[in-house]
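# Structure at a glance
The primary structure of each chain is shown beneath.
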Amino acid sequence: MPGAAGPLPRPQGRARAAPQERRRRVAPLAAAAPARAGDEPLLRGIFEIGKRSCDVVLSARRLRWSPILPESPTGDSSVALQVQEEIIEMKDVFSVKLKRRRFAGQKKGGTLLGITIFKCLNKEENKLTDSAIHLNNLSEDHCQLWFRHLKEILNGFQNRPKSLKVFVNPSSHKREATQIYYEKVAPLFKLADIKTDVTVTEYEGHALSVLKECELQAFDGVVCVGGDGSVSEVAHGLLLRAQMDAGKDTDYVSKPVRAPVPLGVIPAGTTNILAHTLCGIKHAVTATLHIVMGHVQAVDVCTFSTPSRLLRFGFSAMFGFGARTLALAEKHRWMPSSQRKDFAFIKTLADLKAEECELSFLPLQTVQEDSHEKDGITLLYLGSKDQWQKIQGHFLNVSIMAIPCLCSMAPRGLAPNTRLNNGSMALIVVQNTSRTEFIRHLKRYTSVKNQFNFPFVETYTVREVKVQPRLKSGPDAKESICLNAEGNYPWNIDGDLMKEASEVHVRVHPQLIDLYGVNTDDLESSQVTCNCI
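The name given to the protein chain in an unreviewed UniProt entry is CERKL protein, and the organism recorded there is Poecile atricapillus.

Where helix 9 (residues 321-331) meets helix 10 (residues 337-350), the axes come as close as 8 Å, and the angle between the chain directions of the two elements is 130°. If you check the angle between helix 9 and helix 10, you find them oblique. Helix 10 is crossed by helix 9, and the crossing has right-handed handedness. Across from Phe 321, Arg 324, Thr 325, Leu 328 and Ala 329 in helix 9, the residues of helix 10 making contact are Arg 340, Phe 343, Ala 344, Phe 345, Lys 347, Thr 348 and Leu 349. Each residue belonging to the contact of helix 9 with helix 10 can be placed in one class, and the counts come to 7 nonpolar, 2 polar and 3 charged.

Tallied over the entire structure, the rule returns 19 salt bridges. Here Arg 62 and Glu 89 are joined by a salt bridge, their closest N and O atoms 3.1 Å apart. In this pair, Arg 62 is assigned in strand 4 (residues 62-70) and Glu 89 in strand 5 (residues 86-89), connecting sequence segments 27 residues apart. Relative accessible area serves as the criterion here: at 25%, Glu 89 is assigned to the partly exposed category. Between Lys 91 and Asp 92 there is a salt bridge; the shortest N-O distance is 3.5 Å. Relative accessible area serves as the criterion here: at 52%, Lys 91 is assigned to the exposed category. We classify Asp 92 as partly exposed; its relative accessible area is 25%.

What counts and what doesn't
- Residues numbered from 1 in each chain as written.
- Predicted model: local features only at pLDDT ≥ 70, side-chain atom pairs only at ≥ 80, totals over all residues.
- Heavy atoms only, no water.
- Axes fitted to C-alpha atoms, helices over the stretch in contact; angles between N-to-C directions.
- Helix = DSSP H or I, 4+ residues; strand = E, 2+ residues; numbered from the N terminus.
- Parallel < 35°, antiparallel > 145°, perpendicular 65-115°, else oblique.
- Left-handed = near helix turned anticlockwise from the far one by under 90°.
- Contact = heavy atoms within 4.5 Å.
- Nonpolar A, V, L, I, M, F, W, Y, C, P; charged D, E, K, R; others polar.
- Salt bridge = Lys/Arg side-chain N within 4 Å of Asp/Glu carboxyl O.
- Buried < 20%, exposed > 50% of the residue type's maximum accessible area, 1.4 Å probe, protein only.

Pasting the structure below:
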């Protein structure tokens with residue numbers, strides 16, 4: 001790297017400042033400590049920072065500076081020693097620009113004022129924001145030298161995208177996805193010199209169609225601005241495209257290949273479970289900065305299949321109450337989003353009913369830490385790792401989740417005992433019980449209490465699950481067929497409604513896709529609460 005070899009240059013700045021500098025001295029930089037790899041100084045110079053002349057040193061790892069102080073008449077050096085050195089880690093910097101003064105309407109050129117460095121700042125409650133530091137110096141040669149070195153360091157960081165394919169769903173939630181993208185997301189992408197190709201989706205399945213045909217190798221990542229359903233479609237499309245490129249049969253995928261590029265999620269929906277799980281918060285700027293900074297996490301993905309075909313790639317699913325609520329909400333699309341979901345929740349709760357089905361699963365381990373003392377379930381669970389276990393009965397809800405599924409209504413997650421990439425799924429079974437007890441169970445999700453500490457709730461850690469609904473007969477059969485549209489049972493897969501009459505086979509595939517975000521285990525615990533139940 002230019003400037004790395006040879007002796008460390010003396011501080012350089014504007015020539016006209018030289019007479020003043022003879023009456024000043026540079027405050028000593030941080031005390032001598034063994035230099036780590038990347039700490040060797042590359043450049044040293046004088047910039048004005050915050051209206052003070054500063055001695056600035058750049059290394060591959062950090063940028064550090066301290067004010068240049070006037071000489072003490074008595075020669076006392078204690079004042080200089082008290083000066084606090086300031087440091088920016090280069091891994092937190094995502095952009096550097098030459099700062100110029102331009103007249104109104106002027107797009108190029110202008111008087112050089114210095115360099116502006118943009119960094120990612122971690123605020124409270126997992127929220128990220130951008131911050132600017134101005135290094136002022138009027139010397140063109142001086143600033144150009146520093147600018148080249150800073151750009152070279154930034155270009156060396158891995159996983160930071162240079163080109164992104166962006167999907168915006170204008171119909172998400174309150175139809176604010178387009179505004180969120182162009183006002184909050186696009187400016188940060190532009191600031192980070194990321195090129196984008198934007199598709200504003202016009203119908204359901206539009207993103208899937210584009211992903212099947214586009215030149216995906218031209219992009220470093222794909223971004224979805226929308227709700228859970230939109231993200232589910234894009235994730236499914238990315239993984240389906242990977243199977244097509246690998247020459248695999250997309251009707252039956254037993255061992256899928258990984259997605260070729262990472263997926264970024266900008267929350268613009270109602271619950272935004274995936275965005276909340278990856279960022280610990282529903283915040284478009286935070287999600288955008290995770291993309292810009294190249295924070296990538298490998299995440300487990302499930303395949304949902306019938307005996308004859310692949311239905312979907314996804315991260316979580318609900319059968320029973322969670323699916324019935326979504327199906328009812330979809331029938332009332334004419335209502336405003338928040339009213340529609342509240343109406344569907346209350347109506348489904350009022351008409352609470354259990355589904356009769358058979359659950360088969362392959363346990364990941366032979367001992368479950370939080371299992372209840374129920375002899376029948378315990379005996380079933382103590383089989384070998386390769387032995388299918390079965391449960392039959394009437395269930396109010398069945399949840400199958402490969403990720404924790406955080407959201408504002410469940411700050412600990414719908415499945416707090418699973419992780420993003422531990423190669424397992426949480427199977428959560430709610431057996432038939434009274435409406436009062438079921439509501440108590442639901443309210444637990446909004447608190448820090450264990451939502452599974454009920455005698456009618458069972459949890460398992462599994463690798464595979466098969467859900468086989470039993471056809472109803474008698475007086476409830478007609479009502480069931482009407483509710484479920486031609487006899488198909490509704491499934492809620494990542495907030496997307498699917499209807500299937502036959503057995504659904506769910507498998508988890510470890511670390512099948514990379515998502516922009518962080519591991520939620522490393523985040524501060526969310527303080528969000530909800531009083532909606």
